[in-house]
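Fold and contact review
The lines below spell out each chain.
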Amino acid sequence: MTIVHLTNGDGHHGEPEPVISTDVLIIGTGPAGASLAGFLAMHGIRGIMVSSAPGSADTPRAHFTNMAAMECLRDIGLEKECKRLGTNGSHMINTRWAYSMAGEEYMRSYSWGNDPKRKGDYETASPCEPLDLPQTLLEPILVRHATLNGFTCRFDTTFVHFTENANGTISTLRDNVSGLEYKVRSKYLFGADGARSQVFRQLGLELDVKPDQGTAFNVLIRADLSRYMEHREGTLHWLLQPDKEHPVFGWAGIARMVKPWNEWLFIVIPDRQNGLTRMPTEEEWVQRMKEWIGDDSIPVELINVSKWRLNEVVAKTYPKEEFCLGDAVHRHPPSNGLGSNTCIQDAYNLAWKIAYVLKGLCQASSSLLDTYSVERQPVGSGIVARANQSFRHHGPIWEAFGVSLPTPEEKMQALHQLTLPTEEGRTRRKNLQAALEEAQHEYHALGREMGQFYQSKAIYSDDETEPYYTPELLAQDQDLIYHRSTYPGRRLPHVWLNKRIPGEPISTVDLAGHGAFTILTGIGGDAWKIAASQVGESLGVPINAYSIGFRQDYEDFYFDWARIRQVDETGCILVRPDRMVGWRCQEILGDEVQCTDKLRHVVLSILGRDS
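Keep in mind it's a predicted model, so treat the numbers as computed, not measured.

This brings us to the pairing of strand β5 (residues 94-98). β5 sits mainly inside the fold: five of its five residues count as buried. Every second residue of β5 is oriented toward a common face, with N94, R96 and A98 on one face and T95 and W97 on the other, all of them buried. In this structure, β5 lies alongside strand β6 (residues 105-110), joined through five bridges in antiparallel fashion. Within β6, the residue paired with W97 across the bridge is M107. In this structure, the hairpin formed by β5 and β6 is closed by a connection of six residues. Note: β5 against strand β14 (residues 236-239), four bridges, orientation parallel. The residue bridging R96 from the neighbouring strand is H237, located in β14.

Here you go:
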């Protein structure tokens with residue numbers, strides 16, 4: 001980071017204006033911005049990140065961290081710290097529907113890989129595990145890591161606007177403490193400043209906006225519910241009380257664990273039939289929380305109340321010069337826990353491309369950056385649609401319980417029908433069971449979480465003879481089922497490997513990443529390892545290479561990799577720095593020269609280079 005001076009006006013009058021010069025400027029220090037800084041730092045890139053807030057998140061907001069995001073954080077060495085501060089799967093086992101936290105339960109659903117029928121799917125998908133890590137704990141981890149690795153962080157700093165010239169982007173920032181404005185010249189500007197992104201607003205890009213699903217409130221409280229949780233473990237608890245007249249502001253609630261079991265975030269859904277005409281008082285909020293807790297003897301401390309909307313918004317294209325990521329380009333309800341996870345994956349996709357371009361044409365052409373929108377916008381569009389559809393899936397559950405009926409008497413009659421051996425009772429129970437099955441698209445959407453498929457110029461698929469989506473694959477539920485594959489554009493499959501003298505297992509995922517391309521081959525594929533060394537050295541691009549198989553660099557003791565690699569032992573799989581398969585070759589190509597020439601051609605194509 002350096003300070004230069006810009007002249008005022010025509011360059012001949014007035015005092016020179018100081019301008020800070022840096023490679024990258026990130027607006028926002030949330031999951032998107034702070035993780036982007038950390039990923040860039042891994043590549044040796046330095047920069048500045050700023051936030052208009054006085055500090056990191058003061059309310060939990062996002063909390064569920066899925067395996068796809070954890071793999072990204074694992075790549076920069078943060079998984080252990082996240083696991084130390086977060087809550088593991090043993091406390092996330094269920095989503096429940098109940099009368100109150102202390103009272104009767106209606107039904108429950110296994111969640112986040114805890115269903116015995118789905119555990120294998122989750123364990124084979126990733127070396128990581130899902131984690132409950134509130135944003136209040138995640139953000140400081142990310143910010144600290146970035147600042148310890150070369151990034152400067154400034155809170156209480158507002159982004160005002162930016163201009164462009166031949167030397168880059170000049171952003172005007174305002175220090176909120178002093179009121180003074182200053183300028184930062186950067187080669188790249190990133191808008192990671194959330195749903196009200198000022199960077200995105202100035203860019204004036206088009207949004208795909210569908211009607212939202214109304215208003216909701218986050219109510220953060222302290223209340224020790226540990227005496228009730230031994231047989232009620234879970235992160236989400238839907239609370240429905242059909243026998244009571246509910247206040248307009250609190251029709252239904254979801255109790256969300258923040259810290260087991262004394263801190264909770266209640267997501268409160270107002271009555272949609274009767275408009276909310278005023279904000280509730282603190283006493284009214286506390287009273288409603290007590291009703292949902294169901295034990296008046298438990299003290300309730302109200303910490304914070306915030307209002308938000310259940311949006312269905314995504315940018316039609318992501319910016320290609322000044323970049324936006326995270327909630328700046330996709331906004332949706334918290335259903336499926338896709339928010340911060342997608343933010344982190346946006347950053348992971350973008351970071352290696354920015355780093356390779358910043359290091360000059362000896363590594364990548366600027367055209368590589370065009371693939372960010374091509375690859376990530378469909379993902380953003382998909383998660384916005386999935387999260388909103390998951391929220392709508394609760395409608396049939398409410399109908400089956402009768403809680404959407406107009407009077408307590410009608411609601412109680414519907415609830416009582418669930419207990420009766422009548423045709424009406426059977427129909428209502430059947431509808432409830434069907435609705436619960438559909439809710440699996442929220443609580444076990446492994447395919448949506450892990451199954452991204454990129455199609456862009458940064459993926460080399462010219463050698464594929466068949467399309468990825470076969471009729472058999474299309475017949476599967478793409479949200480629920482994660483299909484492991486080495487097809488170009490897919491996530492590198494996870495398989496546990498070891499050494500010939502066994503030690504701690506290592507995942508195929510851990511062989512890749514770390515800012516480098518990776519070649520994976522097998523017995524008879526030594527020419528690919530030689531090619532990787534020669535191509536990497538000649539192009540100035542780091543390419544690691546490993547052989548997997550009997551008495552190779554890594555042992556495939558269970559033959560899991562042999563089953564999943566989908567190429568011959570002598571073939572190879574090229575993995576990009578973001579652990580996505582960039583290309584594969586079914587078998588060795590003649591000799592070392594042919595392998596080297598082919599690999600060189602593929603890497604140049606992925607990086608958008610002519611030579």
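By the element assignment, R74 lies in helix α2 (residues 67-75). Looking at R74, its side chain comes within polar contact range of the side chain of E79, at 2.6 Å. At 2.8 Å, the side chain of R74 forms a polar contact with the side chain of D510. If sequence neighbours within four positions are ignored, R74 has contacts with E79, P127, C128, W496 and D510.

Attention now goes to the packing of helix α17 (residues 526-539) against helix α19 (residues 592-606). Contact pair α17 / α19: the axes reach a minimum separation of 8 Å and the direction vectors enclose 50 degrees. When the interaxial angle is binned, α17 and α19 end up oblique. Once α17 is placed against α19, the crossing between them reads as right-handed. In contact with A527, W528, I530, A531, A532, Q534, V535, S538 and L539 of α17, α19 contributes E592, C595, T596, L599, R600, V603 and L604. Residues belonging to the contact of α17 with α19 are distributed by class as follows: 11 nonpolar, three polar and two charged.

With 97 residues, the main nonpolar core has F190 and I354 as its most contacted residues. In terms of residues, this core owes the most to one element, helix α8 (residues 339-358), which gives 12 residues. Contacts of F190, omitting those with residues within four sequence positions, involve V24, L25, I26, I27, L36, F323, L325, L350 and I354. L236, L240, I269 and V403 belong to the second largest nonpolar core, which has 30 residues in total.

Cut-offs and rules
Residues numbered from 1 in each chain as written. Predicted model: local features only at pLDDT ≥ 70, side-chain atom pairs only at ≥ 80, totals over all residues. Heavy atoms only, no water. Buried < 20%, exposed > 50% of the residue type's maximum accessible area, 1.4 Å probe, protein only. Helix = DSSP H or I, 4+ residues; strand = E, 2+ residues; numbered from the N terminus. Pairing = 2+ DSSP bridges. Polar contact = N/O pair within 3.5 Å; in protein donor to acceptor, adjacent residues only side chain to side chain. Contact = heavy atoms within 4.5 Å. Axes fitted to C-alpha atoms, helices over the stretch in contact; angles between N-to-C directions. Parallel < 35°, antiparallel > 145°, perpendicular 65-115°, else oblique. Left-handed = near helix turned anticlockwise from the far one by under 90°. Nonpolar A, V, L, I, M, F, W, Y, C, P; charged D, E, K, R; others polar. Core = buried A, V, L, I, M, F, W, Y, C linked by side-chain atoms within 4.5 Å.

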